[in-house]
Amino acid sequence: MSTPAPDAAAKGLEGVVAARTTLSDVRGDVGELIYCGYNINELAGKVTFEEVVHLLHRDHLPNRRELADLRQQLVESRDLPKGVLDILHTLPKDTPPMHALRTVVSALGCFDTSRDQDSMDAQRRKAIKLIAQIPVCTAHFHRLRQGKPLVPQDPQLGEAANFLWMINGEKPSREMVDTMDVCYVLHADHGMNASTFSARVTIATLSDMYSAITSAIGTLKGPLHGGANEGVIKMLQEVGSLDRVDAYVADCLAQKKKIMGIGHRVYKVLDPRAPHLKRMAQVLSAKLGEPKWIQMSERIAALMLEKKSLHANVDFYSATVYYSLGIPTDLFTPIFAISRTSGWTAHVLEQLADNRLIRPQSIYTGPTDLKVTPLDQR
Ligand SMILES: CC(C)(COP(=O)(O)OP(=O)(O)OC[C@H]1O[C@@H](n2cnc3c(N)ncnc32)[C@H](O)[C@@H]1OP(=O)(O)O)[C@@H](O)C(=O)NCCC(=O)NCCS
């Protein structure tokens, strides 16, 4: 292949198509998100996270028997190898949870004796293990860093309920579970986002499932991607009250500082996940008697739309939802990872089913024909 023309590089790969997929479609011009043919508005509140896992992995919504089988596989996959528990115990308590997660997911690969098996069945088993174990790793690390005893998983509970149970050690209310489950459904997949892309690049070298998901976690962590939800709460805390919002936004815009949770590479209209999260944030804020968080958020979103024509994205209101559920800020991005593992693993399986190495080119813009000056003359 010849060297690309100098103007061929799209900064940030904007507009570049990197794969064909049947998993999800992000329709940025009309603000729609489709999972395997279903609009997200059709799924949210009508199906559980486990049904979405089945949809992404098997390309159809499960019947009762298929759903029961999947739930059983997830429950049976939850317990962590002792070696991974030992690693969790040795991590410094002040490790940010996304660092901890990236480390232990890599370690999970060391303790899975089937790690190098590459049949599609083996890959699927590894995918289910990761979906089941990533929440357990997150919950255990959270308990350990607080010096609290670990909470064993409850096989009677679904994924959303079990995670809340394992971080808090008390049975969550129906409302908490339903809210969390909708959040999981809304975050499950999202086209060729940065972390999914890195998972696909990694597996396309015929590396392994654990390496692909470790890459994805490292990519999700950044504030321009999944890390934005933590940034939203930090911003709201910094602003402090509704009467300070206008000045804060004006100041950020003047200094060209990004407002977390606003803007999107693909959506040029409202992110379709945001209204679902906004509704849940409104209900929870009103119930918890802390309406200022949602009021401040709504004002920020209105100002950004008015001044920059930028809309709220998925992270903007999910932050208030998680905060209202009493979840610590630094677990917001791990929760995103817990849900998105369903999409990442589905993309890995899809890539493996029709693989070709992903290897783009770059345009060299440096000098040529330089001559080496001897070391003692430089
Ligand atoms: C999501 C995001 C990374 C998309 O980035 P992108 O497509 O590369 O867009 P750019 O960063 O080039 O921004 C384009 C313009 O919009 C502005 N802009 C984009 N997002 C902004 C934000 N959150 N706050 C303020 N200005 C923003 C940029 O400053 C730039 O303005 P300019 O043309 O006047 O310089 C970006 O909107 C962002 O950083 N948002 C905040 C982080 C976030 O919420 N991430 C989660 C995404 S789901």
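Read on for a plain summary of the structure.

Conventions adopted
- Residues numbered from 1 in each chain as written.
- Predicted model: local features only at pLDDT ≥ 70, side-chain atom pairs only at ≥ 80, totals over all residues.
- Heavy atoms only, no water.
- Phe/Tyr/Trp six-rings, centres within 6.5 Å; stacked < 30°, edge-to-face > 60°.
- Buried < 20%, exposed > 50% of the residue type's maximum accessible area, 1.4 Å probe, protein only.
- Helix = DSSP H or I, 4+ residues; strand = E, 2+ residues; numbered from the N terminus.
- Lys NZ or Arg CZ within 6 Å of the ring centre and 35° of its normal.
- Salt bridge = Lys/Arg side-chain N within 4 Å of Asp/Glu carboxyl O.
- Axes fitted to C-alpha atoms, helices over the stretch in contact; angles between N-to-C directions.
- Parallel < 35°, antiparallel > 145°, perpendicular 65-115°, else oblique.
- Left-handed = near helix turned anticlockwise from the far one by under 90°.
- Contact = heavy atoms within 4.5 Å.
- Nonpolar A, V, L, I, M, F, W, Y, C, P; charged D, E, K, R; others polar.
- Near = heavy atom within 4 Å.
- Polar contact = N/O pair within 3.5 Å; in protein donor to acceptor, adjacent residues only side chain to side chain.
- Areas by Shrake-Rupley, 256 points an atom, 1.4 Å probe, with all protein chains shown as cover.
- Domains from an automatic or database assignment.

1. Quick look at the packing of aromatic side chains
Thinking step 1. Under the counting rule described, the total for this entry stands at four aromatic pairs.
Thinking step 2. Ring geometry for Phe316 against Tyr317: centres 5.0 Å apart, planes inclined by 80 degrees, an arrangement best described as edge-to-face.
Thinking step 3. Overall, Phe316 belongs to the buried group, its relative accessible area being 0%.
Thinking step 4. Ring plane angle 55 degrees and centroid distance 5.4 Å describe the contact between Tyr322 and Phe332, whose orientation is recorded as tilted. On the criterion of sequence distance, the pair formed by Tyr322 in helix H15 (residues 314-324) and Phe332 in helix H16 (residues 332-353) is long-range, its members being ten residues apart. Like Phe332, Tyr322 is buried.
Thinking step 5. Taking the ring centre of Trp165 as reference, the NZ or CZ of Lys171 above it sits at 4.4 Å.

2. A closer look at the pattern of salt bridges
Thinking step 1. Following the criterion strictly, the structure yields 16 salt bridges and no others.
Thinking step 2. Measuring nitrogen to oxygen at the nearest pair gives 2.7 Å for the salt bridge that ties Asp246 to Arg299. Highlighted residues: Asp246 in helix H12 (residues 245-254) and Arg299 in helix H14 (residues 292-308), separated in sequence by 53 residues.

3. Here we look at the packing of H12 against H14
Thinking step 1. It is the contact of H12 with H14, at a shortest axis distance of 10 Å, that shows an interaxial angle of 40 degrees. The orientation of H12 with respect to H14, classified from their angle, is oblique. For the pair H12 and H14, the sense of crossing is right-handed. Contacts between H12 and H14 pair Val245, Asp246, Val249 and Leu253 from the former with Met296, Arg299, Ile300, Leu303, Met304, Lys307 and Lys308 from the latter.
Thinking step 2. Classifying every residue of the contact of H12 with H14 gives seven nonpolar, no polar and four charged.

4. A word on the site of the ligand
Thinking step 1. Close to the ligand lie 19 residues; Lys258, Ile259, Gly261, Ile262 and Arg265 are nearest.
Thinking step 2. Interatomic distance of 3.1 Å between a backbone N/O atom of Leu224 and a nitrogen atom of the ligand.
Thinking step 3. The separation between a nitrogen atom of the ligand and a polar main-chain atom of Ile259 is 2.7 Å.
Thinking step 4. Notes on the ligand: free accessible area 860 Å², of which the protein chains cover 67%.
Thinking step 5. Considering only residue class, the shell around the ligand consists of eight nonpolar, five polar and six charged.
Thinking step 6. The residues that make up the shell around the ligand include at least three from each of domain 1 (24-225 + 329-353) and domain 2 (228-324).

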